[in-house]
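Here is what each chain is made of, one letter per residue.
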Amino acid sequence: KNFPPGPPSVPLLGNLLSLNIKDPLNDIERLRQSYGNVYSLFFGLKPVVIINGFKAMREAMVIKAADFAGRAPFFLSPVFIIGVITVDYSPLWRDTRRFILMTLKNFGLGKKSMEDRIHEEIQYTIKTLENNIGKAFCPQFVFHNAVSNIICKVLFGTRYEYDDDTIKTLIQCFKRINKILNGPWALLYDSIPLIRRLPLPYNTAFEDVELILDIAQDLVNEHKKTRVPGEPRDFVDCYLDELEKRDDDSTFFEEQLKRVTLDLYSAGTDTTSNTLLSGFLYLMKYPHIQERCQQEIDRVLDGQDKVSYENRHNMPYTQAVIHEIQRITSLVPLSVFHCTTKDTELSGYSIPQGTIVIQNLTSVLREEGQWKFPHEFNPENFLNDQGEFLKPQAFMPFSAGFRICPGEGLARMELFLILVTLLRKFKFVWPEDAGEPDFTPVYGAILSPKPYLMKQGLETVYL
Ligand code: HEM
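Residues numbered from 1 in each chain as written. Predicted model: local features only at pLDDT ≥ 70, side-chain atom pairs only at ≥ 80, totals over all residues. Heavy atoms only, no water.

A. Looking closely at the overall build of the chain. In terms of helices and strands, the chain carries 14 helices and 9 strands. Over its C-alpha trace the chain gives a radius of gyration of 22 Å, about what one expects of a compact globule, namely 23 Å for 463 residues. Along the three orthogonal principal directions, the C-alpha set of the chain runs to about 65 × 55 × 40 Å. Within the span of the chain, comprising 463 residues, buried residues form 54% of the whole. (Helix = DSSP H or I, 4+ residues; strand = E, 2+ residues; numbered from the N terminus. Rg over C-alpha atoms; globule rule 2.2 N^0.38 Å. Buried < 20%, exposed > 50% of the residue type's maximum accessible area, 1.4 Å probe, protein only.)

As structure tokens, this is what we get:
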């Protein structure tokens, strides 16, 4: 009763047939135009509410944050009940999240040491780019490896060579798991319990989860052998210290440590690296924007050997460009599905406890009325008349409320330091014979640009 409106559904399948499961974003937008900013669908028998636009998003995620902070029982849910991303609103989630935020902070967000870790890794990126100067070159692996190594240093205290077997296996497993999670098999597994024991493709996801958990176990064992209690070198050491202080029935346990590190690794790699990939695509498409960033960077860093995160306050244009890249790419378009924790209301509609909630973040990031140029790539969206950087409230690529991305601080620092360092050193050019850049993303929980080639030349030389 008083449930949000939505299209008619068919028995058992609900609205699954009216959505293109391989890329539902256009259907989700089309339905918004027919049913409004808060509407409903059925995934099989499960009711789902889709939230669109800044006003409804803020009401749900910020004003009624606790009511909307649950996690939908995840596809392939038996595997995903611990960790952090897929954990429901509970003491386990709360304690783990608090621990993550505290540890990321202690590891230097806002302090020098995290910056140093990022700068160390950028040197490897620079070397790879220098070796390819003037050649048309696929940047995908370079950005992925850089970002993967930064999070590995935070989690495990180490970086990996680009062809290391552990990292290769991790990446392949996560790729396969995500493919299953985003495809029809996970949906069928979830909707029809009778098929769960059949030898169907989702079983590969379970095998891959076992494989990456074995890798995590090896890393934890290695840390146990070499750690000095009270002198943590990285996230795993911090967790092991915490584990020693806690009772047996606490929310800290070794299985959870493995899952949390894997969650942080997976959430912290494809996100930032795909943002960089899209970013450079836009900077090559709009060379005058690239040049204006370079002029600002050269002016502010004159006489300074490397950029510091503090410098961002004097680089309004570059900041605006980075934010505009995030806005226009809308990297995680449907966020991670939420769930209501109690009976609640939204925009005057009643929503029962346990309803799956999907945030259409793109509808906020490109909402007319919230942005000067909602549908085009234009850094002016983040600049006022005086050329000062300003961030509208509708800037929500990291979501909002209780579940807002806890990696936001790290991601921002990475994006700024990597982009500024590379733009200072190189000029990025779209190869003449490559046709027009294609901005249509490859659909997934995280959108990625189609693989592309770029050329880079030396712009300036370090002092
Ligand atoms: C450009 C980079 C990134 C973007 C756009 C991004 C975006 C998001 C979004 C939209 C969510 C879902 C929030 C929600 O459910 O309401 C999320 C969750 C999460 N992100 Fe990120 N993220 C990025 C980078 C990172 C990094 C670097 C890390 C790790 C250090 C990270 C760790 C997480 C975790 C652990 C969650 C789950 C939070 C929870 O369930 O409480 N993310 N992120």
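B. A look at the side chain of Glu324. Assignment of secondary structure puts Glu324 in helix H12 (residues 316-329). A polar atom in the side chain of Glu324 sits 2.7 Å from the backbone nitrogen of Asn378. A distance of 3.1 Å separates polar atoms of two side chains, one belonging to Glu324 and the other to Asn381. Residues within four places of Glu324 in sequence aside, it is in contact with Glu376, Phe377, Asn378, Pro379, Asn381 and Phe382. (Polar contact = N/O pair within 3.5 Å; in protein donor to acceptor, adjacent residues only side chain to side chain. Contact = heavy atoms within 4.5 Å.)

C. How the structure looks around the coordination of the iron atom of the ligand. Donation to the iron atom of the ligand from the protein comes from one atom only, Cys405 (SG), at 2.3 Å. Relative to the elements of secondary structure, Cys405 occurs in the loop between helix H13 (361-365) and helix H14 (408-425). (Donors = N, O, S within 2.8 Å, 3.2 Å for Na, K, Ca; no water.)

D. Spatial organisation of the sheet that holds strand S4 (residues 338-339). Within the open sheet, the 5 strands sit side by side as S1-S2-S7-S4-S3. Their pairing is mixed. At either end of the open sheet lies a strand with only one pairing partner, and these are strand S1 (38-43) and strand S3 (70-71). As paired elements, strand S2 (residues 46-51) and strand S7 (residues 356-359) share 4 bridges and run parallel to each other. Its bridge partner being in S7, Val49 is matched across the sheet by Val357. Of the strands in this sheet, S1, S2, S4 and S7 are in contact with helix H2 (residues 54-63), which crosses S2 at around 120 degrees. (Pairing = 2+ DSSP bridges. Axes fitted to C-alpha atoms, helices over the stretch in contact; angles between N-to-C directions.)

E. Molecular detail of the pattern of salt bridges. Applying the stated criterion to the full structure yields 20 salt bridges. The closest approach of N and O atoms between Arg159 and Glu121, which form a salt bridge, is 2.7 Å. You can see Arg159 sitting in the loop between helix H5 (140-156) and helix H6 (165-182) and its partner Glu121 sitting in helix H4 (residues 112-131), a full 38 residues away along the chain. Between Glu161 and Arg159 there is a salt bridge; the shortest N-O distance is 3.5 Å. For Arg159, a relative accessible area of 16% corresponds to the buried category. Sharing partners across several salt bridges, the network here consists of Glu121, Arg159 and Glu161. (Salt bridge = Lys/Arg side-chain N within 4 Å of Asp/Glu carboxyl O.)

F. Structural context of empty space enclosed by the protein. Overall, the coordinates contain 2 cavities of 30 Å³ or more when judged by the stated rule. Roughly 40 Å³ of volume is contained in the largest cavity. If you trace the largest cavity, you find it lined by Asn145, Ser148, Asn149, Tyr160, Glu161, Tyr162 and Ile167. Of the residues forming the lining of the largest cavity, the biggest block, 3 residues, is contributed by H5. For the lining of the largest cavity, a count of residues per class yields 3 nonpolar, 3 polar and 1 charged. The computed volume of the second largest cavity comes to approximately 30 Å³. Residue lining of the second largest cavity: Thr275, Leu276, Gly279, Phe280, Ile322, Ile325, Leu415 and Leu419, and that is the complete set. Elements that contribute at least two residues to the lining of the second largest cavity include exactly helix H10 (254-285), H12 and H14. (1 Å grid on protein atoms, 1.4 Å probe; cavity = no way out; pocket = protein on both sides within 12 Å on 5 of 7 lines; lining within 4 Å. Points joined across faces, edges and corners; volume = space filled by probe spheres on them. Nonpolar A, V, L, I, M, F, W, Y, C, P; charged D, E, K, R; others polar.)

G. Inspection of a nonpolar patch on the surface at higher detail. On the surface, Val10, Leu12, Leu13, Leu17 and Leu45 cluster together to form a nonpolar patch covering roughly 550 Å² of accessible area. With respect to the secondary-structure elements, Leu13 resides in the segment before helix H1 (25-35). Relative accessible area serves as the criterion here: at 36%, Leu13 is assigned to the partly exposed category. (Patch = residues over 30% accessible without salt bridge, like charges linked within 9 Å, V, L, I, M, F, W, Y side chains within 5 Å. Areas by Shrake-Rupley, 256 points an atom, 1.4 Å probe, with all protein chains shown as cover.)

H. Structural context of the site of the ligand. In the region of the ligand, 29 residues are neighbours, and Arg71, His338, Ser399, Arg403 and Cys405 sit closest. At 2.7 Å, a side-chain N or O of His338 approaches an oxygen atom of the ligand. When contributions to the shell around the ligand are tallied by element, the ones reaching two or more residues are helix H3 (91-106), H10 and H14. Here the shell around the ligand takes 6 residues from H10, the largest share from any one element. (Near = heavy atom within 4 Å.)

I. The confidence of the model for the chain, seen in detail. Overall, the predicted model of the chain reaches an average pLDDT of 91, with 97% of residues at or above 70. What the predictor reports for the complex is a pTM of 0.94 with an ipTM of 0.99. (pLDDT = per-residue confidence, 0-100.)

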